[in-house]
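Examining the three-dimensional arrangement
For reference, the chains in residue letters:
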Amino acid sequence: MEEVYRIVVDEGEGFLEEKRSKFLSVVFAVENEEEALQRINQIRKKHWDARHHVFAYVIGERDEIVRASDDGEPSGTGGKPVLDVLKGAGLHNACLVVTRYFGGTLLGTGGLIRAYGGAAKDAVENAGISEKMKGIMAETVVEYTDLGKLEYLLRENQVTTLDTGYTDKVELTLLIPAKDESRIRELLTEESGGRITLGEGMEVAYIETKNGPKVL
């Protein structure tokens, strides 16, 4: 995966009204295309009396799957502006659906583009978005006499301790940003005179929350 990319952690809803046409929008996280299509169909059933369900989604760490649908609107007036909002926000593994209840007045090409884009943007602004990062989870075992030095080094280098076990020694599970792994390994070894070393790391993904990093 990329070092850092943005994801939806709490779906967001939006709303826009233009000449009595109502545009209801929602953005949410998806892991694959099947999940995206299933949720789109659920929205179609929920709003069965709406005229259009425009959508767009981007799936994959490098946007391997990208799709947008105008769902009966003039070509390029619905799916593209919705997709542009997703890409503009830098979101990955996300789907955005805008449902339109027709108000009886045609909006024209420019009006549709602005309405669909505006409703899509409102949903994204109301969503909980976080950066998904690549990390390394590794363990170290230290003597009690080295614990203070280790805690200081971890704190100064923004390394998170996920778990601590106390026996005859102290066992710690650390979460290290992937880009810093080599530097942190060398630093701990050098600063402790070789007494502190890290075990083999496991690649994980994590996000930052108000309570600290959360491994996904």
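1. Things to note about the environment of Pro81
In this fold, Pro81 is placed in helix α2 (residues 79-88). Sequence spacing of Pro81 and Ala120 is 39 residues, and the spatial spacing of their C-alpha atoms is 8.2 Å. Ignoring anything within four residues of it in the chain, the contact list for Pro81 reads Gly76, Ile113, Tyr116 and Gly117.

2. Focus: helix α5 (residues 181-191)
The complete set of buried residues in α5 reads Ile184, Leu187 and Leu188. Looking straight down α5, one finds its buried side chains confined to an arc of 95 degrees; they lie on one side. Turned more than 90 degrees away from the buried face of α5, the exposed residues are Ser182, Glu186 and Glu190. Of the surrounding secondary structure, the elements contacted by the buried residues of α5 are α4 (144-156) and β9 (170-177).

3. A look at the sheet that holds strand β3 (residues 21-29)
Hydrogen bonds between backbone groups are what pair the strands of a sheet, and the pairing can be parallel or antiparallel. Read across the open sheet, the five strands follow the order β2-β3-β6-β4-β5; overall the sheet is antiparallel. At either margin of the open sheet sits one strand with a lone partner, and together these are β2 (12-18) and β5 (65-69). Between one strand axis and the next, the sheet turns by 15 degrees as a mean value, whatever way the strands run. Where β3 lies against strand β6 (residues 94-101), eight bridges are found, and the strand directions are antiparallel. In the sheet register, Phe23 faces β6, and the bridge partner there is Arg100. Strands in contact with helix α1 (residues 33-46) are β3, β4 (52-59), β5 and β6; relative to β4, the strand with the most contacts, it is inclined by about 160 degrees.

Scoring rules and cut-offs
Residues numbered from 1 in each chain as written. Predicted model: local features only at pLDDT ≥ 70, side-chain atom pairs only at ≥ 80, totals over all residues. Heavy atoms only, no water. Helix = DSSP H or I, 4+ residues; strand = E, 2+ residues; numbered from the N terminus. Contact = heavy atoms within 4.5 Å. Buried < 20%, exposed > 50% of the residue type's maximum accessible area, 1.4 Å probe, protein only. Arc of directions from axis to C-beta. Pairing = 2+ DSSP bridges. Axes fitted to C-alpha atoms, helices over the stretch in contact; angles between N-to-C directions.

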